[in-house]
Amino acid sequence: MVDYHAANNQSSTGGVQIYMEQENDWDRDLLLDPAWEKQQRKTFTAWCNSHLRKSGTQIENIEEDFRDGLKLMLLLETISGERLPKPERGKMRVHKINNVNKALDFIASKGVKLVSIGAEEIVDGNAKMTLGMIWTIILRFAIQDISVEETSAKEGLLLWCQRKTAPYKNVNVQNFHISWKDGLAFNALIHRHRPDLIDYDSLRKDDPVTNLNNAFEVAEKHLDIPKMLDAEDIVNTARPDEKAIMTYVSSFYHAFSGAQKAETAANRICKVLAVNQENEQMMEDYEKLASELLEWIRRTIPWLENRTQEKTVNDMQAKQEDFRDYRCVHKPPKVQEKCQLEISFNTLQTKLRLSNRPAFMPSEGRMVSDINGAWHTLEGAEKGYEEWILSEIRRLERLEHLAEKFHQKAAIHESWTDGKEAMLTQKDYETSTLSEVKALLRKHEAFESDLAAHQDRVEQIAAIAQELNELDYYDSAKVNARCQKICDQWDTLGAFTQSRKESLERTEKQLESIDELYLEYAKRAAPFNNWMEGAMEDLQDMFIVHNIEEIQGLITAHEQFKSTLAEANKEREAIQAIQSEVQKIAQSNGIKLSGANPYTTITPESIDSKWEKAMDMVPLRDTALQDELNKQNSNDTLRAKFATQANTVGAYIQAKMEEIGRISIEMNGTLEDQLTNLKEYQKTIMSYMPEINTLEGYHQLIQEALIFDNQYTSYTMEHLRVGWEQLLTTIARTINEVENQILTRDAKGITQEQLHEYRASFNHFDKKRSGQMVSEDFRALLISTGNSLGESEFARIMGIVDPNGSGAVTFQAFIDFMSRETTDTDTADQVIASFKILAADKNFITAEELRRELPPDQAEYCIARMAPYTGADAAPGALDYMSFSTALYGESDL
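A. Quick look at the overall build of the chain. The helix and strand tally for the chain stands at 31 helices and 9 strands. Among the 894 residues that make up the chain, the fraction classed as buried is 46%. In the chain, of all internal contacts separated by at least 6 residues, the share reaching a separation of at least 24 is 74%. Working note: accessible area of the chain is about 44,400 Å², and carbon and sulfur atoms make up 50% of it.

B. Just the environment of leucine 184, in detail. Mapped onto the secondary structure, leucine 184 falls in helix α7 (residues 184-193). Along the primary structure leucine 184 and proline 208 are separated by 24 residues, whereas in three dimensions their C-alpha atoms are 7.7 Å apart. Those residues in contact with leucine 184, other than ones at most four positions away along the chain, are Asn170, Val171, Tyr200, Leu203, Lys205 and Asn211.

C. Broad picture of the sheet that holds strand β7 (residues 845-846). The strand order across the open sheet formed by 3 strands is β7-β9-β8, and the pairing between neighbours is antiparallel. If you trace the sheet from one side to the other, it starts and ends with β7 and β8 (867-868), each paired once. Across 2 bridges, the pairing between β7 and strand β9 (residues 878-880) is antiparallel. Its bridge partner lying in β9, isoleucine 845 is registered against leucine 879. Here helix α31 (residues 881-888) sits on the sheet and contacts β7 and β9; the angle it forms with β9, its principal contact strand, is near 30°.

D. Spotlight on the confidence of the model for the chain. Of all residues in the chain, 89% attain a pLDDT of 70 or more, and the chain-wide mean is 81. In the model, residues 1-32 has pLDDT below 50 throughout and makes 79 contacts with residues more than four positions away in sequence or in other chains. Between residues 510-514, whose pLDDT stays under 50, and residues either more than four places distant or in other chains, the model counts 19 contacts.

E. Structural view of the pattern of salt bridges. As enumerated under the stated definition, the model contains 50 salt bridges in all. Linking glutamate 386 and arginine 327 is a salt bridge whose minimum nitrogen-to-oxygen distance equals 3.8 Å. With glutamate 386 in helix α13 (residues 368-417) and arginine 327 in helix α12 (residues 313-354), this pair connects stretches of sequence that are 59 residues apart. Here glutamate 386 falls in the buried class, since its relative accessible area comes to 13%.

F. Summary view of the layout of surface pockets. Volume-wise, the second largest pocket comes out at about 660 Å³. What lines the second largest pocket is a set of 27 residues, among which Val335, Gln336, Trp724, Glu725 and Leu728 lie closest to the centre. Where the lining of the second largest pocket is concerned, the elements lending two or more residues are α12, α21 (671-686), α22 (689-704) and α23 (717-748). Taken together, the residues of the lining of the second largest pocket break down into 15 nonpolar, 6 polar and 6 charged.

G. Looking closely at the packing of aromatic side chains. Summed over all chains, the structure comprises 32 aromatic pairs. Relative to phenylalanine 216, the ring of phenylalanine 186 lies with its centre 5.6 Å away and its plane at 70°, an arrangement referred to as edge-to-face. Taken together, the positions of phenylalanine 186 in helix α7 and phenylalanine 216 in helix α8 (residues 208-222) put the pair 30 residues apart, joining distant regions of the chain. Ring plane angle 25° and centroid distance 5.6 Å describe the contact between phenylalanine 528 and tryptophan 531, whose orientation is recorded as stacked. In this pair, phenylalanine 528 and tryptophan 531 both sit in helix α17 (residues 516-540), 3 residues apart, roughly one turn of the helix. According to the relative accessible area criterion, phenylalanine 528 is buried, its value standing at 6%. We classify tryptophan 531 as partly exposed; its relative accessible area is 32%. Linked through ring pairs, Phe176, Trp180, Phe186, Phe216, Tyr248, Phe252 and Phe256 together constitute an aromatic cluster. Over the ring of phenylalanine 844 we find lysine 842; its NZ or CZ atom is 5.7 Å from the centre of that ring.

H. Representation of α13. The terminal C-alpha atoms of α13 lie 71 Å apart, and with 50 residues this matches the ideal 74 Å at 1.5 Å per residue to within 8%. Phi turns positive, to about 85°, at glycine 419, one or two residues after α13.

I. Focus on the packing of α7 against α8. For the pair α7 and α8, the least separation of the axes is 8 Å and the interaxial angle reads 35°. Seen along the crossing, α7 lies across α8 with a hand that is left-handed. Counting all contacts with α7, which are made through Leu184, Phe186, Asn187 and Ile190, the residues of α8 involved are Asn211, Leu212, Asn214, Ala215, Phe216, Val218 and Ala219. Among the residues forming the contact of α7 with α8, the class breakdown is 8 nonpolar, 3 polar and no charged.

J. View of helix α18 (residues 548-563). Helix length check: α18, at 16 residues, gives a terminal C-alpha distance of 22 Å against a target of 22 Å (1.5 Å per residue), a fit within 8%. Looking only at α18, the buried set comprises Ile548, Ile551, His558 and Phe561. Considered in projection along α18, the buried side chains sweep an arc of 145° and stay on one side of the axis. Away from the buried face of α18 by more than 90 degrees, exposed residues Glu549, Gln560 and Ser563 are located.

K. View of the environment of isoleucine 685. The residue isoleucine 685 is located in helix α21 in this model. Owing to a relative accessible area of 0%, isoleucine 685 belongs among the buried residues under this scheme. A sequence separation of 32 residues divides isoleucine 685 from isoleucine 653, and the C-alpha atoms of the two residues are 9.2 Å apart. Those residues in contact with isoleucine 685 that lie beyond four places of it in its chain are Tyr652, Ile660, Trp724, Leu727 and Leu728.

L. Here's a closer look at the packing of α12 against α13. Closest axis-to-axis distance for the α12/α13 pair is 11 Å, and the angle between their directions is 165°. If you check the angle between α12 and α13, you find them roughly antiparallel. Where α12 crosses over α13, the handedness of that crossing is left-handed. Counted by class, the contact of α12 with α13 contains 17 nonpolar, 3 polar and 12 charged residues.

M. Main features of the side chain of asparagine 211. Mapping asparagine 211 onto the fold places it in helix α8. When near neighbours in sequence (up to four residues on either side) are disregarded, asparagine 211 contacts Asp182, Gly183, Leu184, Asn187, Leu203, Arg204 and Lys205.

N. Structural detail: unusual backbone geometry. With phi around 65°, asparagine 170 is a residue other than glycine that occupies positive phi space. Checked against the element boundaries, asparagine 170 lands in the loop between α6 (153-165) and α7. When its relative accessible area of 48% is taken as the criterion, asparagine 170 is described as partly exposed. One non-glycine residue, alanine 840, adopts positive backbone phi at about 55°. Locating alanine 840 in the fold gives a position in the loop between α28 (828-838) and β7.

O. Summary view of the side chain of glutamine 349. Relative to the helices and strands, glutamine 349 is located in helix α12. Only 2.8 Å separates the side chain of glutamine 349 from the backbone nitrogen of phenylalanine 360, close enough to count as a polar contact. Ignoring any residue separated from it by four or fewer positions in sequence, one finds glutamine 349 in contact with Ala359 and Phe360.

P. Summary view of the nonpolar core. With 78 residues, the main nonpolar core has Ile134, Ile137, Trp180, Phe186 and Phe252 as its most contacted residues. Considering every element that reaches this core, the biggest residue donor is helix α5 (residues 127-143), with 11 residues. Counting 45 residues, the second largest nonpolar core, distinct from the first, contains Tyr681, Val738, Leu755 and Phe778.

Rules behind the numbers
- For every chain, the first residue of the written sequence is number 1, and numbering continues from 1 onward in sequence order.
- Whole-chain, interface and lining totals are the exception, using all residues; otherwise, since this is a predicted model, local features are given only for residues with pLDDT of at least 70 and side-chain atom pairs are given and counted only at 80 or more.
- Hydrogens and water are ignored here; the side-chain numbers use all heavy atoms of the structure.
- Per the convention used, a helix needs a DSSP run of H or I reaching at least four residues, while a strand needs a run of E reaching at least two, with both numbered from the N terminus.
- For every residue, the accessible area obtained with a 1.4 Å probe (protein chains only) is divided by the maximum for its type, and the residue is called buried under 20%, exposed over 50%, and partly exposed between those limits.
- Residues count as neighbours in contact if any of their non-hydrogen atoms are within 4.5 Å of one another.
- Here the open area of atoms and residues is found with the Shrake-Rupley method and a 1.4 Å probe, where only the protein chains shown may cover a residue.
- At least two DSSP bridges between two strands are required for those strands to pair.
- Axes here refer to lines fitted to C-alpha atoms; in helices the fit is confined to the stretch in contact. Angles between the N-to-C directions go from 0 to 180 degrees.
- Each residue gets a pLDDT score, which is the predictor's confidence in that residue and runs from 0 to 100.
- For this analysis, a salt bridge means a side-chain nitrogen from Lys or Arg found within 4 Å of a carboxyl oxygen belonging to Asp or Glu.
- Every definition here rests on a 1 Å grid over the protein atoms only: cavities are sets of points where a 1.4 Å probe fits but cannot get out, pockets are open sets enclosed by protein on both sides within 12 Å along at least five of seven lines, and lining residues have some atom within 4 Å of a point.
- Grid points are joined across faces, edges and corners, and a volume is the space filled by probe spheres set on the points.
- Residues are grouped as follows: Ala, Val, Leu, Ile, Met, Phe, Trp, Tyr, Cys and Pro are nonpolar; Asp, Glu, Lys and Arg are charged; all remaining types, including Gly, are polar.
- Side-chain rings of Phe, Tyr and Trp (the six-membered ring for Trp) are treated as a pair once their centres are within 6.5 Å; stacked means planes under 30 degrees apart, edge-to-face means over 60, and tilted covers the remaining angles.
- In this scheme, the term charge over a ring applies when either NZ of a lysine or CZ of an arginine sits within 6 Å of the ring centre and within 35 degrees of the ring normal.
- Any helix carries an expected span of 1.5 Å times its number of residues minus one.
- It is the rotation of the near helix from the far one that decides the hand of a crossing: anticlockwise by less than a right angle makes it left-handed, clockwise makes it right-handed.
- Arc definition: directions from the helix axis to the C-beta atoms.
- Each angle is binned into one of four classes, with values under 35 degrees roughly parallel, values over 145 roughly antiparallel, values of 65 to 115 roughly perpendicular, and all other values oblique.
- The term polar contact refers here to a pair of N or O atoms within 3.5 Å; inside protein, the definition further demands a hydrogen-donor-capable atom paired with an acceptor-capable atom, and it admits residues adjacent in sequence only when both atoms are side-chain atoms.
- Note on terminology: a nonpolar core comprises buried Ala, Val, Leu, Ile, Met, Phe, Trp, Tyr and Cys residues joined through side-chain atoms within 4.5 Å.

See the structure below:
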């Protein structure tokens, strides 16, 4: 009986083979079954002859032909490839025993402990002992070395059979006896590796003899596997001999082992190519997304830099609404795309590092730094555009107010000057009496007073026109023309006034004085009338204010004006009293007045009429000022609401930014726990979005109310938007860093304890708690881990962890470096070796071989990228797989 207990002998491969006694191993008692003994004799004899024929000999009777030990030693030399001690050629029993002992010693040297099998029994032709010995040899040299997915020997061979026959109907390999009785399993093995030899679909489960003979004949004819079993013996036995089946099946395994190696090589290549294809797709996606984002920025910046002025406030407010639509609708998706672009770039670089590929360098102008630069330019243009819109709205409001004020004053002035030239140029004094001339002279003096009083209005009109020109009013030409006409007319009036005055003074010497009362009336009525006109003009004057202080100033000025009305009324009554005195004197002296006051055209009725109009305007002005005060109070309330919300949001954003900074440094627990916590934290932050939307609503109301300042808060909407975007980007970037750490850990086999150790070491030397460390702190960290660094070695490491030369090392770069230094990855040499297996040891490979061994898409991928092979041993259609393999790892160009 064979004992599979441990033996400390060295095997031919240098390892120690350990044999454990198993339930189904050879048992001498089973040989009492004639059917099994017959199957084993036939199978073991055929198996031995399949090897002995390589040495030009064979056996006929298994227990007789091994008695002298010569063919037994020859069999062992053939299957092991090693030389045994020289056999003894004598015919005596002692010579035979010595030869058999040499064979048994050789078997024992391979880690097999033989129990109850001695040389004497073999020499005596003991069939049971001889079959047991041959089974031991088969186990050791044909079955023991079989290894499939961490299983070996019998279990490995069974697993191999199960894997290969799994796709076939009516085949279910569970053992090495009854699972093979119908012959379908043998045919399935052959068809799996050589489908051209067997028409599997034509086989019937109810015809086992035909199935078995078909498989045995095909294996002997085409696969060089001798027929070791008899179909009738297997079918007619309730339970075929397990060892005979195993021996025969092991021959199939060894016959197809070359195909197994090719499959393993193909799997390795498929894995490498799949990684490369995925990386290339990610590169293409990055380039496409980067190009689209940069193109959007390129198209948007000219729009934001356009400073084409509009003519009205409504036109500028339409532009403001377009800008608000851009801010709320068009830009947010681009912010998300930019964030996703950075995440995709970092993930791609991590995958490239993990697969031992060169770092991805985007095409010129599409680096993350280029996109950040373009984005910074966009935000600068955006800020400038918003400031310009608000400035333009203010300017246009001011312009519309000034233009209306200009035309109002101009209309009043033109109304006043209407007919003045004709009056000043008439010659009425030439035919007048002395009293009439004096009256004309007094009237002219009153006119001069009136003219002087109107000088201020003309100066105001000119000043308003000048301001409209300075503010670039769109209709400045029309304003300038009207202003010039007024000024020219004013100069003409001045000249005519001076000329008439001189004429009247020359005539005055010949005429007597006019009634002083008329003169006094005229002198006092003219300025009072001008004061009333000015007062009515002020009461109708439009105003524009931006805060409570300004409207309160207008209200104060109006109250001061109202306080003067009592004195003005006294003056009106005094002027009216002069006219009454004239009437009284005329009546008392029987004087018939010739008509109106010769010194002025201002009548008592006109004074009373203007006074009543002015008094009617006062309460209207009160109402307008109060309405504006209410509006400014409402605006102030809106400012306070915005400020309260802005201060809350600003503090929240600042607190969360500081909290994220702590989290990124003080991460505890497993990476999965950290990732889950970060995503929950991200959800918490995103749940704050309604507060941002509320603040946006207040901001929109403020802009619609044309509120341009807020003394209750230092925050602006622009600052808070940028802070919120930075908060979302920071948490997304932190999540991506943890995901990359998980990717690194899983790909490199780093334990959670190692990650905690890396984090603790990094945090210890990260003095600023910024998540980055300068090169000197990083050197100290490396030294603390046991690395002895020279300048050149440290420069090499810095080139790996800081390829951009920023002078700072992140935690992700640190763990990438540590994992790279402590783990192994696929190399170009391994891929070349795999291709060489597929190419049957040739230095080139053909398209046909690639299509046969690889999946279609990856085969075509290789064919499209492999250069023609130009070596001396090149064949038609030869492809260079060596340069292709090195190119995968960045060592040369495709």
